[in-house]
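Now for the letters of each chain:
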Amino acid sequence: MKMYHKSAIDHPIFKILGEAADELHLEAYVIGGFVRDYFLNRDTPKDIDIVAVGSGIDLARKVAVLLKGNPEITLFKNFGTAMIKHKGLELEFVGARKESYQKDSRKPIVEDGTLEDDQNRRDFTINALAIGLNQKNYGKLLDPFNGLLDLERKIIRTPLRPSITYSDDPLRMMRAIRFAAQLEFEIALGSLQAIMENKERIKIVSKERIVVEINKILMTKKPSIGLALLHKTRLLSFIFPELTALQGIEEMEGQRHKDNFWHTLEVVDNIAKTTDNLWLRWAALLHDIGKAPTKKFHKKNGWTFHGHEFVGSKMVYRLFKRLKMPLNDKMKFVQKMVLLSSRPIILSEKHVTDSAVRRLVFDAGDHVEDLMTLCEADITTKNPKKQKRYLNNFKLVRQKIQEVEERDRIRNFQPPVTGELIMKTFNLKPSKEIGIIKEAIKEAILEGEIPNEYDAAYQFMLNKGNDLGLSVKEP
Ligand code: ATP
Ligand code: MG
């Protein structure tokens, strides 16, 4: 094993860091994610963690002086940390520290420490690798816990006893699973057991921090790895009880339904292959959550989940709120996807009519392509014939959407005849008749009775007004 890894710190910034440290007579190391990702040949991150044995803030100030171009420096005196932004890099400085924890908080009591103390407080052996920056040890790897070997063996392991590491800061349970998912590593057995034992302590972690890790899991190549680990460790029931409730297969009178939890994981993996849109991935994760509360067994029809899309879309709001996620357009998008998630399937099972496609475009608006992507990912049948048929049907639906779009411009529908014109034509004050006529025009267009054009809509309005006993105002 090579001890010196100068190429890891090729970038000229590291020379300056070393110079600054030598001038202040303190030791400095680059540590954590940057070193790990260098050895993994991943794109090395833009955030670089520097630990100083002494004051991290002093080191940052010195570096700022040595760097040309007046870099932006931010000091967090309460935490004893500092950050410098320089040419797209974010340098984070911290003094080496020793940490001790209390039962009810994941915020440690901190005191100054040695490099060794600082490596001990790190979450995983692969995140505790440090490389020397001072002239005397420039490029020297300090790896007290065999992190390099764990990188080779693809193992997530804690430097100290796992039960203590996870109990001290339960966020590390989420981080272990997230790294296992991102790097496609195994979690060491001792760690897995400790996570299971400490799962309830996830309650002291803020929702925001949990969501950060969930988002990272959802953005991995194969999100089911992380989601299955959440399930295996039983953390899932604290974060997403709605998903836990989907697990299991019931049988009644010889009829079984599919396991909607494992189905959901397949759908998320499928969609991860076709989109990097985080919110579409969220929609895949939540698209079936309404199935647990709506599940029923009917003697004649077997298992049904009537209205699960509507119930599910309501649950999305409560879930986002509970996890303190912003209740904004993204949330509404996820709700909409869940609400409409069965529509293309129903549509493609029958003859694909123009009017059904127009209604779909009307309801989904600009998100109709995303909805199709979700529905394609939802095909998890193992029967190749069925799979082919479903995919073909969706292809047809997509084609039809295009055709109908070009002809009828239903997306972001604007009524060709306005409420004002209706009022003027029949000399009406604001009244329910206006709404009735407007709705009738929209329906006629969606049904294909009239084209989405002014002349046709105007004539239709006159007829409809006549039906309602309204007379046209004389000029
Ligand atoms: P990424 O930036 O991809 O999330 P990272 O390893 O750089 O990965 P950061 O959150 O940036 O993760 O943290 C930087 C380093 O700080 C980690 O490598 C690890 O050594 C340490 N660290 C971060 N969070 C914790 C924690 N909760 N407990 C212990 N050490 C931690
Ligand atoms: Mg980082």
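Owing to the predicted nature of the structure, the values given are computational and were not obtained by experimental measurement.

### Let's talk about the overall build of the protein chain
- When its secondary structure is counted, the protein chain shows 24 helices and 15 strands.
- Against the globule reference of 23 Å for 475 residues, the protein chain gives a C-alpha radius of gyration of 30 Å, more extended than a compact globule.
- Counting only C-alpha atoms and orienting by the principal axes, one finds that the protein chain spans roughly 95 × 65 × 40 Å.
- Counting across all 475 residues of the protein chain, residues that qualify as buried make up 49%.
- Here the analysis covers contacts within the protein chain between residues at least 6 apart in sequence; of these, 66% occur between residues at least 24 apart.
- For the protein chain, the exposed area adds up to about 24,400 Å²; of that, 50% sits on carbon and sulfur atoms.

### Focus: the side chain of Asn134
- Position of Asn134 among the secondary structure elements: in the loop between strand S8 (130–132) and strand S9 (141–142).
- Among the residues examined, Asn134 registers a relative accessible area of 4% and is labelled buried.
- Among the polar contacts made by the side chain of Asn134, one reaches the side chain of Asp22 at a distance of 3.0 Å.
- The residues touching Asn134, leaving out its near neighbours within four places in the chain, are Ala21, Asp22, Leu26, Glu27 and Ala28.

### Remarks on the site of ligand 1
- In the region of ligand 1, 15 residues are neighbours, and Arg36, Arg122, Asn127, Asp169 and Arg172 sit closest.
- In the environment of ligand 1, an oxygen atom lies 3.3 Å from a nitrogen or oxygen atom belonging to the backbone of Gly33.
- Protein burial of ligand 1: of its 580 Å² of free accessible surface, 79% is covered by the chains.
- Breaking the shell around ligand 1 down by element, the ones donating at least two residues are helix H2 (33–39), strand S2 (47–53) and helix H7 (171–183).
- Looking at the shell around ligand 1 residue by residue, the class counts come to one nonpolar, three polar and 11 charged.
- When we break the shell around ligand 1 down by domain, the ones giving at least three residues each are domain 1 (12–153) and domain 2 (155–239).

### Details of the domain arrangement of the protein chain
- If you check the domain split of the protein chain, you get domain 1 (12–153), domain 2 (155–239) and domain 3 (419–467).
- When each unit is reduced to the centre of its C-alpha atoms, the spacing between domain 1 and domain 2 is 24 Å.
- Between domain 1 and domain 2, the contact holds 24 residues from the first and 24 residues from the second.
- Of the roughly 2,000 Å² buried between domain 1 and domain 2 on both sides combined, carbon and sulfur atoms contribute 55%.
- The tally of links between domain 1 and domain 2 comes to three salt bridges.
- Across the pair Asp150 and Arg157 runs a salt bridge whose closest N-O atoms are separated by 2.8 Å.
- Counting across the domain 1 and domain 2 interface gives nine residue pairs in polar contact (both at pLDDT 80 or more).
- The dominant element in the side of domain 1 that touches domain 2, judged by the number of residues it contributes, is helix H5 (residues 147–153), at three residues.
- Partitioning the side of domain 1 that touches domain 2 into residue classes produces six nonpolar, seven polar and 11 charged.

### A closer look at the sheet that holds strand S5 (residues 89–95)
- Ordered by their spatial adjacency, seven strands build an open sheet running S3-S4-S5-S2-S1-S8-S9, and the pairing between neighbours is mixed. Because the sheet does not close on itself, it has two edges, and the strands there are strand S3 (72–76) and S9.
- Relative to S5, strand S4 (residues 81–86) runs antiparallel, the two sharing six bridges. Paired with Met83 across the two strands is Glu92, which belongs to S5.
- Sitting on the sheet, helix H1 (residues 12–23) is in contact with strand S1 (27–31), S2, S4 and S5, with an inclination near 25° to S5.

### Quick word on the packing of helix H19 (residues 354–364) against helix H23 (residues 432–447)
- Interhelical geometry of H19 versus H23 gives an angle of 125° and a closest axis separation of 7 Å. In terms of axis orientation, H19 runs oblique to H23. Contacts between H19 and H23 involve Ser355, Arg358, Arg359 and Phe362 from the former and Lys442, Glu443, Ile445, Leu446 and Glu447 from the latter.
- Looking at side-chain class alone, the contact of H19 with H23 contains three nonpolar, one polar and five charged residues.

### Focus on the side chain of Thr304
- Here Thr304 is to be found in strand S15 (residues 302–304).
- Owing to a relative accessible area of 9%, Thr304 belongs among the buried residues under this scheme.
- Thr304 has contacts with Thr294, Lys295, Lys296 and His298, leaving out every residue within four places of it along the chain.

Cut-offs used in this document
Residues numbered from 1 in each chain as written. Chains lettered and ligands numbered in written order. Predicted model: local features only at pLDDT ≥ 70, side-chain atom pairs only at ≥ 80, totals over all residues. Heavy atoms only, no water. Helix = DSSP H or I, 4+ residues; strand = E, 2+ residues; numbered from the N terminus. Rg over C-alpha atoms; globule rule 2.2 N^0.38 Å. Buried < 20%, exposed > 50% of the residue type's maximum accessible area, 1.4 Å probe, protein only. Contact = heavy atoms within 4.5 Å. Areas by Shrake-Rupley, 256 points an atom, 1.4 Å probe, with all protein chains shown as cover. Polar contact = N/O pair within 3.5 Å; in protein donor to acceptor, adjacent residues only side chain to side chain. Near = heavy atom within 4 Å. Nonpolar A, V, L, I, M, F, W, Y, C, P; charged D, E, K, R; others polar. Domains from an automatic or database assignment. Buried area = accessible area lost by both parts, 1.4 Å probe. Salt bridge = Lys/Arg side-chain N within 4 Å of Asp/Glu carboxyl O. Pairing = 2+ DSSP bridges. Axes fitted to C-alpha atoms, helices over the stretch in contact; angles between N-to-C directions. Parallel < 35°, antiparallel > 145°, perpendicular 65-115°, else oblique.

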